[in-house]
Amino acid sequence: MSWGTELWDQFDNLEKHTQWGIDVLEKYIKFVKERTEIELSYAKQLRNLSKKYQPKKNSKEEEEYRYTSTRAFLATLNEMNDYAGQHEVISENMTSLITGELTRYVQELKQERKSHFHDGRKAQQHIETCWKQLEASKRRFERDCKEADRAQQYFEKMDADINVTKADVEKARQQAQLRHQMAEDSKAEYSSTLQKFNSEQHDHYYTHVPNIFQKIQEMEERRIVRIGESMKTFAEVDRQVIPIIGKCLDEITKAAESIDHKNDSQLVIEAFKSGFEPPGDIDFEDYTQPMKRTVSESSLSNSRGDGKSEPKFGGKSKGKLWPFIKKNKPPPPPPASASPSAVPNGPQSPKQQKEPLSHRFNEFMTSKPKIHCFRSLKRGGAGPEDFSNLPPEQRRKKLQQKVDELNKDIQKEMDQRDALTKMKDVYIKNPQMGDAASVDHRLAELAQNIEKLRLEVQKFEGWLAEVEGRLPMRTEQARRQSGLYEAQNTSAVNSCAQDRESPDGSYTEEQSQETEMKVPATDFDDEFDDEEPLPTIGTCKALYTFEGQNEGTISVAEGEMLYVIEEDKGDGWTRIRRNEDEEGYVPTSYVEVYLDKNAKDVYKSLQKIS
């Protein structure tokens with residue numbers, strides 16, 4: 001089947017059909033282009049979605065990705081990012097392999113089509129010109145024949161008329177002969193023109209037009225093949241990324257299968273474990289004893305005879321505090337440059353703070369707004385440098401993390417120092433490359449930084465050793481404390497940390513809790529366990545007069561000499577003793593301390609042992 005033979009007379013229709021084919025191709029190009037735009041938009045939305053849910057650096061969200069479930073979610077986000085990348089690949093490949101190629105092909109196709117139909121029109125114009133020549137020759141032959149017939153009839157008429165002269169007849173005869181000759185010439189020309197036209201027409205319809213239409217047919221068939229190949233490429237571009245997309249989905253499945261609920265539960269324990277034991281049983285407080293003593297003399301005598309069972313009123317021992325009612329440290333002292341009159345009034349007096357034990361326990365059990373003090377510490381601002389506001393286990397983890405960070409910083413500084421040292425050696429060997437003395441200042445700075453960081457590491461390692469040495473000590477008092485912290489008001493973070501620790505930063509431990517007698521609410525805050533007094537670690541001289549009006553403080557006069565039993569732990573207070581019965585805290589800026597190094601070392605050793 002050839003368009004040249006079958007469609008020899010459908011030049012206009014072929015022209016319309018080929019134009020329609022080009023329009024179809026351009027429509028397909030537009031379709032693919034819109035598909036690439038959709039793929040790019042989809043990829044962009046996927047990337048934005050993945051970025052939206054990515055954890056922010058140095059934020060609390062980043063810490064949450066320790067759990068397997070959140071790590072799996074993070075892996076899903078990363079795989080979705082890669083998944084979006086594959087859609088970008090689809091868009092890029094379709095743009096380069098289909099849209100770009102077909103756009104260039106359409107331009108070539110339009111040029112080729114224009115050339116073919118130009119040749120077709122030229123051939124059509126040629127055959128039309130030949131036809132016009134044939135028609136003109138034919139009309140001329142017809143006209144000459146008619147003129148010859150009229151000249152012959154005029155001659156015959158003149159020859160038959162006896163009144164016409166012989167000269168006129170001869171003239172008419174010659175005119176008729178001339179017309180006959182012209183008719184013969186026109187006939188010969190018409191015959192020649194006709195033969196030529198027939199030959200041209202044969203060549204036109206059997207040679208030129210078929211060749212042109214064959215080229216147009218081949219052009220159209222190439223267009224059809226090309227659009228088919230583009231459709232295959234359209235599918236192949238998608239098929240090529242299917243394995244990678246499958247891998248992304250497999251990784252998401254693998255991440256989902258890696259979720260370990262047991263491990264996440266263990267991480268919760270590690271994250272929030274305080275290191276304390278649960279509180280023990282609370283002793284029964286028998287308020288009927290005073291009634292029995294007033295009714296029965298025998299019971300009164302018995303109660304008097306048994307001195308160990310009598311409650312203590314107003315007695316002040318030197319031990320550590322009861323777990324339910326802790327003595328708060330005094331409020332932070334004024335700066336060293338402040339005048340003595342700038343000392344704040346601090347917390348309320350002991351009489352204002354005294355409440356019955358049962359009342360405080362009921363408040364602890366029923367008060368919903370009060371939450372665990374350590375929880376408030378985590379959500380609050382920055383705590384002390386040694387993390388003493390945290391439970392032992394959490395404090396150990398924070399200190400270990402700090403030590404690791406400092407060691408990394410030291411390694412970075414050492415790497416810079418080594419690099420500068422090598423550079424200095426190169427400068428010494430090759431002075432033209434640089435001045436060796438130019439790096440000395442930087443080396444000195446690095447040495448100072450390394451020394452500072454090492455001191456910091458030693459400091460935190462000391463605190464870490466202290467915590468690790470204390471963690472195994474789990475007593476009844478520690479269990480009671482861990483439960484009673486929830487009864488403290490979370491509005492004061494420092495007060496919470498002070499309630500958990502004694503003024504020297506160590507955890508209070510109470511011996512023989514079950515045998516300790518009940519104390520009436522009036523003097524409950526002043527009751528302590530009997531313990532040996534803390535040893536003195538030096539002396540101090542009062543620089544200013546200090547009126548110790550707050551609980552836990554002691555009044556001193558300017559120039560007074562006293563004993564130091566606990567040095568400043570960084571909170572601005574020093575614990576001193578006047579005699580066996582009088583001790584308390586004074587602002588460090590108000591005294592000049594003279595520490596006995598040997599006594600201080602012994603005191604620290606005793607602290608670690610206890």
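Up top you'll find the structure we're talking about.
Residues numbered from 1 in each chain as written. Predicted model: local features only at pLDDT ≥ 70, side-chain atom pairs only at ≥ 80, totals over all residues. Heavy atoms only, no water.

Overview of the pattern of salt bridges
Then, in step 1: Under the defined criterion, the tally for this structure stands at 25 salt bridges.
Then, in step 2: Residues Glu26 and Lys110 are paired through a salt bridge, measuring 2.8 Å at the closest nitrogen-oxygen approach. Taken as a pair, Glu26 in helix H2 (residues 11–52) and Lys110 in helix H4 (residues 68–160) lie far apart in primary sequence, 84 residues in all.
Then, in step 3: Relative accessible area serves as the criterion here: at 31%, Glu26 is assigned to the partly exposed category. (Salt bridge = Lys/Arg side-chain N within 4 Å of Asp/Glu carboxyl O. Helix = DSSP H or I, 4+ residues; strand = E, 2+ residues; numbered from the N terminus. Buried < 20%, exposed > 50% of the residue type's maximum accessible area, 1.4 Å probe, protein only.)

A closer look at the pairing of strand S2 (residues 561–566)
Then, in step 1: In the sheet, strand S1 (residues 538–542) pairs with S2 via four bridges, with the strands oriented antiparallel. Its bridge partner lying in S2, Gly538 is registered against Val564.
Then, in step 2: Taken together, the three bridges between S2 and strand S3 (residues 573–577) define a ladder with antiparallel strand orientation. Residue Tyr563 lies in a different strand from S3, and its bridge partner there is Arg577. (Pairing = 2+ DSSP bridges.)

A look at helix H6 (residues 261–272)
Then, in step 1: Here H6 is 12 residues long and its end C-alpha atoms lie 17 Å apart, about the 16 Å a rise of 1.5 Å per residue gives.
Then, in step 2: All of the buried residues along H6 are Asp264, Leu267 and Ala271. Down the axis of H6, the sector holding all buried residues measures 55°, keeping them to one side.
Then, in step 3: The opening residue of H6 is Asp260, an N-cap whose side-chain oxygen sits 3.1 Å from the backbone nitrogen of Lys262. (Expected span 1.5 Å × (residues − 1). Arc of directions from axis to C-beta. Polar contact = N/O pair within 3.5 Å; in protein donor to acceptor, adjacent residues only side chain to side chain.)

Side note on the sheet that holds strand S5 (residues 591–595)
Backbone-to-backbone hydrogen bonds join strands into a sheet, with any given pair of strands oriented parallel or antiparallel.
Then, in step 1: Here five strands make up an open sheet; going across it, the order is S4-S3-S2-S1-S5 and the pairing antiparallel. With partners counted over all chains shown, the strands left at the sheet margins are strand S4 (583–587) and S5, one partner each. Taken over all neighbouring pairs, the strand axes of this sheet differ in orientation by 40° on average, direction set aside. (Axes fitted to C-alpha atoms, helices over the stretch in contact; angles between N-to-C directions.)

Structural notes on a nonpolar patch on the surface
Then, in step 1: Where nonpolar side chains cluster on the molecular surface, the patch consists of Leu49, Tyr53 and Phe73 and spans about 280 Å² of accessible area.
Then, in step 2: Mapped onto the elements of the fold, Leu49 is located in helix H2.
Then, in step 3: For Leu49, a relative accessible area of 43% gives the class partly exposed. (Patch = residues over 30% accessible without salt bridge, like charges linked within 9 Å, V, L, I, M, F, W, Y side chains within 5 Å. Areas by Shrake-Rupley, 256 points an atom, 1.4 Å probe, with all protein chains shown as cover.)

As for the pairing of S4
Then, in step 1: A large share of S4 lies buried, amounting to four of its five residues.
Then, in step 2: The pairing of S3 with S4 spans five bridges and is antiparallel. Each residue of the ladder has a partner; that of Arg577, found in S4, is Glu583.
Then, in step 3: As consecutive antiparallel partners, S3 and S4 are separated by five residues.

Here we look at the packing of aromatic side chains
Then, in step 1: The final tally for this structure, using the stated rule, is 12 aromatic pairs.
Then, in step 2: Centre to centre, the rings of Phe31 and Phe234 are 5.6 Å apart; their planes meet at 35°, and the pair counts as tilted. Here Phe31 is found in helix H2, whereas its partner Phe234 is found in helix H5 (residues 166–257), with 203 residues between them in sequence.
Then, in step 3: Taking relative accessible area as the criterion, Phe31 reaches 41% and is therefore assigned partly exposed. (Phe/Tyr/Trp six-rings, centres within 6.5 Å; stacked < 30°, edge-to-face > 60°.)

Some words on the nonpolar core
Then, in step 1: Counting residues in each nonpolar core, the largest one holds 31 residues, and the members touching the most others are Leu25, Tyr28, Met94, Ile98, Phe213 and Ile216.
Then, in step 2: For this core, the elements supplying multiple residues, two or more each, are H2, H4 and H5.
Then, in step 3: When residues of this core are assigned to their parent elements, the largest contribution, 11 residues, is made by H4.
Then, in step 4: Among the nonpolar cores identified, the runner-up in size contains 14 residues, and Cys540, Ala542, Val586 and Tyr590 belong to it. (Core = buried A, V, L, I, M, F, W, Y, C linked by side-chain atoms within 4.5 Å.)

Details of the side chain of Ser2
Then, in step 1: Note on placement: Ser2 falls in the segment before helix H1 (3–6).
Then, in step 2: Here Ser2 falls in the buried class, since its relative accessible area comes to 18%.
Then, in step 3: A distance of 3.2 Å separates a polar atom in the side chain of Ser2 from the backbone nitrogen of Gly4.
Then, in step 4: Aside from chain neighbours lying at most four places away, what touches Ser2 is Leu7, Gln214 and Gln217. (Contact = heavy atoms within 4.5 Å.)

As for the side chain of Asp264
Then, in step 1: Locating Asp264 in the fold gives a position in helix H6.
Then, in step 2: Although Asp264 is buried, it forms no salt bridge, and the closest oppositely charged side chain is Arg71 at an N-O distance of 6.1 Å. (Lys, Arg positive; Asp, Glu negative; His and termini not counted.)

Points about the environment of Glu566
Then, in step 1: With respect to the secondary-structure elements, Glu566 resides in strand S2.
Then, in step 2: When its relative accessible area of 1% is taken as the criterion, Glu566 is described as buried.
Then, in step 3: Along the chain, Glu566 and Ile537 lie 29 residues apart, while their C-alpha atoms are 7.2 Å from each other.

Describing the environment of Val237
Then, in step 1: If you trace the backbone, Val237 turns up in helix H5.
Then, in step 2: Accessibility expressed as a relative area gives 1% for Val237, which makes it buried.
Then, in step 3: As a C-alpha pair, Val237 and Ser91 span 146 residues in sequence and 8.9 Å in three-dimensional space.
Then, in step 4: Those residues in contact with Val237 that sit more than four places away from it in its chain are Ile90, Asn93, Met94 and Leu97.

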